[in-house]
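Overview (structure and organization)
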Amino acid sequence: NHLSRMVLLAPVILSLAGCARSSDQVAAIQSGEHSYHLGREAYERNDYESATRYFSEAVGWQGLNADLAAEATLLRAKSCIKLGRLEEAMRDLNEARNSPVPQDEVLLAKAEIAVLQKDLPRARSLYEKARKVNPAVVVPNSM
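Owing to the predicted nature of the structure, the values given are computational and were not obtained by experimental measurement.

Further remarks concern helix α3 (residues 66-82). The first and last C-alpha atoms of α3 sit 24 Å apart over 17 residues, in line with the 24 Å expected at 1.5 Å per residue. Turning to α3, its buried residues number three or more, namely L68, A70, A72, T73, L74, L75, R76, A77, S79, C80 and I81. Between the side-chain oxygen at the start of α3 and the backbone nitrogen of D67 there is a gap of 3.0 Å, and the oxygen is on N65. Directly after α3, the chain includes G84, whose backbone phi takes a positive value near 80 degrees.

Put into structure tokens, the structure is as follows:
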């Protein structure tokens, strides 16, 4: 009799364990999206220090869909460029290169780093690559 109760309760216990896991996933998604939106707001206010922190949190939750995670990585890279943290930015841009973000944006951000590093031939090359990906890209006159 005791064994039959255990057999009957097993599916209930397993389903409850599954619910807990999915509620953890929902919490991770909500936390990631919340951090992403806070990062977006900080970025738009030119508060790049806060933006990098929020985008790092958003990506760290690992609940974001691929598009938002890629966007968070790209915007974190752009924030790092504004803060002069070029190595961090380049790491993010190399990661974003294989993501759903528009590749011309990755190339333009890399070109901005090259300009800051005073590597104008590399910047020119990156601007031209971006233009091949997206003909609407405008190459600065200084190039």
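The structure having been displayed, the exposition proceeds.
Overall, the coordinates contain 7 salt bridges when judged by the stated rule. For R45, the salt bridge identified is with D47, shortest N-O distance 3.5 Å. Of the charged contacts, one joins R85 and E49 as a salt bridge, the two residues approaching to 3.1 Å between their closest N and O atoms. Remark: E49 occurs in helix α2 (residues 48-60) and R85 occurs in the loop between α3 and α4 (86-96); sequence separation between them is 36 residues. Take R85: its relative accessible area is 26%, and that puts it in the partly exposed class.

Rules and cut-offs
Residues numbered from 1 in each chain as written. Predicted model: local features only at pLDDT ≥ 70, side-chain atom pairs only at ≥ 80, totals over all residues. Heavy atoms only, no water. Helix = DSSP H or I, 4+ residues; strand = E, 2+ residues; numbered from the N terminus. Expected span 1.5 Å × (residues − 1). Buried < 20%, exposed > 50% of the residue type's maximum accessible area, 1.4 Å probe, protein only. Polar contact = N/O pair within 3.5 Å; in protein donor to acceptor, adjacent residues only side chain to side chain. Salt bridge = Lys/Arg side-chain N within 4 Å of Asp/Glu carboxyl O.

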